[in-house]
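The lines below spell out each chain.
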Amino acid sequence: MPKLPSPRMKLDSRDRAASGVDHDEALRASLLAWYAANKRDLPWRGAENSYAIWVSEIMLQQTRVAAVIDRYMAFMERFPTVTALAAAPEEEVLALWSGLGYYRRARMLHKAARLVAADYGGILPAASAELRKLPGIGAYTAAAIASIAHGEPVAVVDGNVERVLCRLAGWEEGEPALRRRVEERAARFLDPKHAGDFNQAMMEMGATLCAPRNPQCAICPLLAGCRTRGEHKTAPRAKMQSRAVGCALALRKRRGRRAGNDAEVLLEQRPAAQTVMPGLWELPILRSADVAAEDLRLRVRHAIMQVNYDVRVRAVGEREVKALTVAGGRRRWVPLEEAASLPLTGLARKILTRLRLLPAAQRSQPR
Ligand code: ADE
């Protein structure tokens, strides 16, 4: 990193008073100018409609922008309005969420859409306080929707914004009442006249320049007000565990079919009581992840939360299924052309996509 002037010198309150310029005001202007020049061109940007912003913000929780774009486009094409979403069966909503993970978000979004259709005439409330009453909309999402769609002056505090504010102020993790201080600082720092752009600029800055590792301080629009300037403590990265898992690919010819795409695959539905991905469809799990080289059809890596799975897929004949797989949820032979529209787990979709078993139009972008 290039050598920078001491942040404390720049922040001297006498200098500020002498210059007569409100320090936050200058920083806000700098941030907004940076955002105007550098904001990413994303499909939900410029949307007037609060439903589109709602969907994008829910998808963006815990998920990278790059992974969201295609899913967002497909979702909005199928469910262009709250009413269209409310009218859809849950299975279809989950199927379009496939690959994004954290399916509870999709279930809550769907539930809230039904409530909006039934109780609010299909129109999402405008005020953040009203939005917060809907399932799945917490302080962050309510502030994002209300500020971006309606200009309500409420500050968004997600993980990225929190990091930016902590670095600006020189606050470290573990300090007492940190979250409350961050929220108060965010509220004071917000530009009330440009709340939507300001909030998006803060999130964007945190996601791009003020990244957890290797922040780009030299080109940061908030450099003049930053107390740490790259000299912050970095939280250690959570250690990923590695685990091997085997999946059974059982295919058979569809009964009574003579030609065309006539294969079906054995899928298993995760029980509704599961905390992770309840109700989603996956390939049956093999009793042993040790798959002999001659049986191996595919080997893929798949990360779920803090675990890196080394997934080995082997072909299993219809009559071997019982002996080779672990009994789990309900199983069903599903025609391949139907499989793509079921709510598959990200891993099942990845495997079927890599093996070119899904109809081309419904393949996902492998993640
Ligand atoms: N992350 C989540 N929502 C965002 C938004 N609207 N702009 C930039 N980054 C985001």
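It should be noted that the structure appears before, not after, this text.
Residues numbered from 1 in each chain as written. Predicted model: local features only at pLDDT ≥ 70, side-chain atom pairs only at ≥ 80, totals over all residues. Heavy atoms only, no water.

Draft legend 1. Molecular detail of the site of the ligand. Lining the immediate environment of the ligand, one finds Arg 45, Glu 57, Leu 60, Tyr 140, Ile 148, Gln 200, Met 203 and Glu 204. Tyr 140 is positioned such that a nitrogen or oxygen atom in its side chain is 3.4 Å from a nitrogen atom of the ligand. A distance of 3.5 Å separates a nitrogen atom of the ligand from a polar atom in the side chain of Gln 200. Coverage of the ligand by the protein amounts to 94% of the 260 Å² it exposes when considered alone. (Near = heavy atom within 4 Å. Polar contact = N/O pair within 3.5 Å; in protein donor to acceptor, adjacent residues only side chain to side chain. Areas by Shrake-Rupley, 256 points an atom, 1.4 Å probe, with all protein chains shown as cover.)

Draft legend 2. Representation of the state of the cysteines in the model. Evaluated as defined, the whole model comprises zero disulfides. A disulfide-free cysteine, Cys 217 has its sulfur positioned 6.3 Å from the sulfur of Cys 226, the nearest such atom. Given the relative accessible area of 11%, Cys 226 is considered buried. (Disulfide = S-S within 2.5 Å. Buried < 20%, exposed > 50% of the residue type's maximum accessible area, 1.4 Å probe, protein only.)

Draft legend 3. A look at the pattern of salt bridges. In the structure shown here, the tally under the stated rule is 21 salt bridges. Arg 45 serves as the salt-bridge partner of Glu 204, at 2.8 Å between the closest nitrogen and oxygen. Here the residue Glu 204 occupies a position in helix 13 (residues 195-207), and Arg 45 occupies one in the loop between helix 3 (23-38) and helix 4 (50-60), the gap between them amounting to 159 residues. According to the relative accessible area criterion, Glu 204 is buried, its value standing at 2%. Close ionic contact of Glu 282 with Arg 270 constitutes a salt bridge, the shortest N to O distance being 3.3 Å. Of the two residues, Glu 282 is situated in strand 4 (residues 281-282) and Arg 270 in the loop between strand 3 (263-269) and strand 4; the sequence distance between them amounts to twelve residues. When its relative accessible area of 14% is taken as the criterion, Glu 282 is described as buried. (Salt bridge = Lys/Arg side-chain N within 4 Å of Asp/Glu carboxyl O. Helix = DSSP H or I, 4+ residues; strand = E, 2+ residues; numbered from the N terminus.)

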